[in-house]
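A closer look at the structure
Here are the chains, one letter per residue:
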Amino acid sequence: MRLPVRLALLSAVALGCGKKPAPPAPDPGPAKVETRPAEANDDPGAWRDKQLAALKLRADPRRAAADELSFLVLEDPAAGPALVELLKDKGTNGPGHTLANQLNSTREAAAVALLKAGPKGEALLREKGLPVLREGLTDPAPAVREHTAYTLGRLGPLAAPLAADVQKLCTDPDARVRAAAFDALRATGAADYVALARLLTHKDEEAARLAGELIALAPRVPKEAAEPLAAGLKGSNPNVQRAAAEALGTLGPDAAPAVPELVALLKALDKARDPKAPRAGADGGPEAAAWDALVKVGAAAVGPVAELLGESNSRLRYHALRALGDMGAVAKPAAPAVKKMLQDPFAENALEAAYALLRVGEAEPDALALLKRGLASEAEGVAALAVQVVERAGPAAESLVPAALAKLTAADPLARYAALELAASRPAGERATRAAEVGKLLADEERVIRQSAARLLGRLGPAAAPAAGALGEALPGEKDPGVRDAIIAALVAIGPGAKPALPALLALVGDKDLAQPTRLGVLAAVVSMAPGSTEVAAAAGKAAQDPDAAVRAAAAGALARLDPLPSDALAALVKMAKGDSRNGPRVAALRGLAAAGPRAK
């Protein structure tokens, strides 16, 4: 109990000039000083015992006592051992009553008090407290086991030496005990990930699910876990399947024994899949994790994945091709089978085969020829797929980049969008040379294309100046708020080079519907474009009277940058510095006057 000392101030009595002195103020008495109770100082042992007894109470008394005892551990040699002794107490708030916002048992309160005592308390916990708590994990009463596991979870990594004992409770007959054990292991870390992987096939579905969640948090998994993880793929819970597949992915080549189960899972998932769902793209759950694991296994998975190219299911063929391509040169033995897929009746499969061939380094002329035909295709979506493959293939398809970027003007909006994404991925210098071309897409009928074009120009910054005119033309007529904000952001990023768009931006200076950060950016941008413009000066002067204090402060900065500084702008700055109702604008005006220097003399 450490309370601050509060000192009362006595009021002085003022004497009136030429008047009868006022009667003296009543004596307030001695100043009130809050200190520890006298009993804490008169009999420290009794005070300690009182706090220890309070640990057996509930709610606030227990928490206050734990806080006080954490101090006493540092002052009273008997406090630490007494708290260790209380770790044996079996009192709890009852089964299932483990709430994070309170201390739920006497032993939890004692453990928390020792933990809060710092290094001295932590040393006591390691040396004497953990052996006591270990006994609670095997207590006949489920509530005691539950609350002991929960207490160890509160101790976090300090309780890691007992992780193996806690992990044994993951198969406890009592569901509440199992839940507390899994929760504790989140804080301490599991002791045996092989044993944890075996729980993925536990008969209790909740235990299997919780084991999967813990495995997903594992920093590493031993290769001996490959077999039980493979068994976990055979269950029906998608969360467990995903956790097992992700853990196998972390094993990489050591997960080779699980390749048959990974392939079997993918076949089963695809068979059960909704036929109306999109063909391409994994589901983000166990399917995506399984394909990723196969790619990371590498060489041992090449043969089984290549066998999927013979499946009648076109979607399986597509993902098998993508996986082989992602494996790179290690998948070279599959090149003959992949080359046959250049004739696949589905365009996305044939184009994916071209990507795979380029990545494994085989049959490049055939792959490039197919991609060239894909880029020239007028069928909806085909050219877009070809552009995406060119982007993903990198240097291997560099010769086709010009043809792919030519799709910025394609009739198919999918192709235009794909070409825009390719343009955004090119080196900065090359992106800048296409700024004007990208600017034309600001008038595109597709919102996503307009927004992507504006964002790309914004990333280019001053280098996007050739597109400033197109940005200025697009701004007044743009109705979509997201696209409009992206255009404004691009013009602000371009800076002085965006002067062709000045009229469009000036119209926004007084637009109170704009978000405040956008208005501030517009103010800064217009003055950087044309510091000598009378229109800019008029707009900044009007903003200096805005109800929003932040806008007025920004206006002060804008006014100060005018060159020459008009007399009415100077007067507005002086008026703001002397009489604005808010401190921010006044300070901004003073800084503006100082920055203007001789122009404000």
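Criteria and thresholds
- Once a new chain begins, its residue numbering starts again from 1 and follows that chain's sequence as written.
- Local features are withheld for residues below a pLDDT of 70 in this predicted model, meaning they are given only at 70 or higher, and side-chain atom pairs are given and counted only at 80 or more; totals for whole chains, interfaces and linings count all residues.
- The side-chain values count all of the structure's non-hydrogen atoms but skip hydrogen atoms and water molecules.
- By definition, any uninterrupted DSSP run of H or I lasting at least four residues is a helix, any uninterrupted run of E lasting at least two residues is a strand, and each is numbered from the N terminus.
- All radius of gyration figures rest on C-alpha atoms, and the globule criterion is 2.2 Å times the number of residues raised to 0.38.
- Exposure is judged per residue with a 1.4 Å probe applied to protein chains only, and the accessible area is read against the type maximum: over 50% gives exposed, under 20% gives buried, and values in between give partly exposed.
- Pairs of residues are marked as contacts when any of their non-hydrogen atoms sit within 4.5 Å.
- Accessible surface area values rest on a Shrake-Rupley calculation with a 1.4 Å probe, where residue burial reflects the displayed protein chains alone.
- Pairing of N or O atoms within 3.5 Å defines a polar contact, subject to two protein rules: one partner must be a possible hydrogen donor and the other a possible acceptor, and residues neighboring in sequence count only if both atoms are side-chain atoms.
- Two kinds of site are reported from a 1 Å grid over the protein atoms alone, namely cavities, where a 1.4 Å probe fits but cannot get out, and pockets, open sets with protein on both sides within 12 Å along at least five of seven lines, and residues are called lining when an atom falls within 4 Å of a point.
- Grid points are joined across faces, edges and corners, and a volume is the space filled by probe spheres set on the points.
- The span expected for a helix works out to 1.5 Å for each residue beyond the first.
- By nonpolar core is meant a set of buried Ala, Val, Leu, Ile, Met, Phe, Trp, Tyr and Cys residues that side-chain atoms within 4.5 Å join together.
- Here the axes come from fitting lines to C-alpha atoms, over the contacting stretch only for helices, and the angles between their N-to-C directions go from 0 to 180 degrees.
- The cut-offs work like this: below 35 degrees is roughly parallel, past 145 is roughly antiparallel, 65 to 115 is roughly perpendicular, and the gaps in between are oblique.
- Rotating anticlockwise by less than a right angle from the far helix to the near helix defines a left-handed crossing, while the corresponding clockwise rotation defines a right-handed one.
- Here a salt bridge means any side-chain nitrogen of Lys or Arg lying within 4 Å of a carboxyl oxygen belonging to Asp or Glu.

1. Observations regarding the overall build of the protein chain
Helix and strand content of the protein chain: 34 helices and zero strands. The globule rule puts the C-alpha radius of gyration for 601 residues at 25 Å, and the 36 Å found for the protein chain is more than 25% above it. Its C-alpha atoms put the protein chain at 95 × 85 × 35 Å along the principal axes. In the protein chain, which comprises 601 residues, the share counted as buried stands at 48%. Pairs at least 24 residues apart make up 64% of the contacts formed inside the protein chain by residues separated by at least 6 positions. Within the structure as shown, the protein chain displays about 28900 Å² of accessible surface, and the carbon and sulfur contribution to it stands at 56%.

2. Thoughts on the side chain of N104
On the secondary structure map, N104 appears in the loop between α4 (79–86) and α5 (106–116). Engagement of the side chain of N104 in a polar contact is seen with the backbone oxygen of Q102, the distance being 3.2 Å.

3. Overview of the environment of L196
Structurally, L196 is set in helix α10 (residues 193–198). Separated by 14 residues in the primary sequence, L196 and L210 place their C-alpha atoms 9.7 Å from one another. Filtering out sequence-adjacent residues up to four positions away, L196 remains in contact with Q167, F182, A190, A211, L214 and I215.

4. Details of the layout of surface pockets
Counted as a void, the largest pocket has a volume near 260 Å³. If you trace the largest pocket, you find 15 residues lining it, with G541, A544, Q545, A572 and K575 closest to the centre. Element by element, the count of residues in the lining of the largest pocket is highest for helix α33 (residues 567–579), at seven residues.

5. Examining helix α9 (residues 175–188)
Taking 1.5 Å as the rise per residue, α9 with 14 residues should run 20 Å; its terminal C-alpha atoms sit 20 Å apart, in good agreement. Buried within α9 are the following residues: V177, R178, A180, A181, F182, A184, L185 and T188. Where α9 begins, one side-chain oxygen reaches toward the backbone nitrogen of R176, 2.8 Å away; that side chain belongs to D174. Residue G189 follows α9 closely and has a positive phi angle near 90 degrees.

6. Re the nonpolar core
Residues L229, L248 and L457 are the most contacted members of the largest nonpolar core, which totals 194 residues. A per-element tally of this core places helix α19 (residues 347–360) first, with nine residues.

7. Here we look at the packing of α33 against helix α34 (residues 583–596)
Two numbers describe how α33 lies on α34: the axes approach to 7 Å, and their chain directions differ by 135 degrees. With respect to their mutual orientation, α33 and α34 come out oblique. Like other packed secondary-structure pairs, α33 and α34 cross with a definite hand, here left-handed. Residues L570, L573, V574, M576 and A577 of α33 form the contact with α34, whose participating residues are P585, R586, A589, L590 and L593.

8. With respect to the environment of P547
Relative to the helices and strands, P547 resides in the loop between α31 (534–543) and α32 (549–560). Taking the C-alpha atoms as reference points, P547 and A191, separated by 356 residues in sequence, lie 62 Å from one another. Leaving out residues up to four positions away in the same chain, P547 has contacts with K512 and R552.

9. Regarding the pattern of salt bridges
Under the defined criterion, the tally for this structure stands at 31 salt bridges. A salt bridge links R209 to E213; the nearest nitrogen and oxygen atoms lie 2.4 Å apart. In this pair, R209 and E213 are both assigned in helix α11 (residues 205–216), four residues apart and thus about one turn of the helix distant. Residue class for R209 comes out partly exposed when judged on its relative accessible area of 24%. In this structure, D480 and R447 form a salt bridge, with 2.8 Å as the shortest nitrogen-oxygen distance. On the criterion of sequence distance, the pair formed by D480 in the loop between α27 (468–477) and α28 (481–494) and R447 in helix α26 (residues 447–460) is long-range, its members being 33 residues apart.

10. Side note on helix α30 (residues 516–529)
For α30, spanning 14 residues, the distance from its first C-alpha to its last is 20 Å, which sits close to the expected 20 Å at 1.5 Å a residue. Burial within α30 is extensive, with 10 of its 14 residues counted as buried. The complete set of buried residues in α30 reads T518, R519, G521, V522, L523, A525, V526, V527, S528 and M529. Buried residues in α30 make contact with α28, α29 (502–506), α31 and α32.

11. Considerations on the packing of helix α14 (residues 259–271) against helix α15 (residues 286–297)
Close contact between α14 and α15 brings their axes to 10 Å; oriented N to C, the two are set at 150 degrees. The orientation of α14 relative to α15 falls into the category roughly antiparallel. Both α14 and α15 take part in a crossing whose hand is left-handed. Along its contact with α14, which presents V259, L262, V263, L265, L266, L269 and D270, the element α15 presents P286, E287, A290, W291, A293, L294 and V297.

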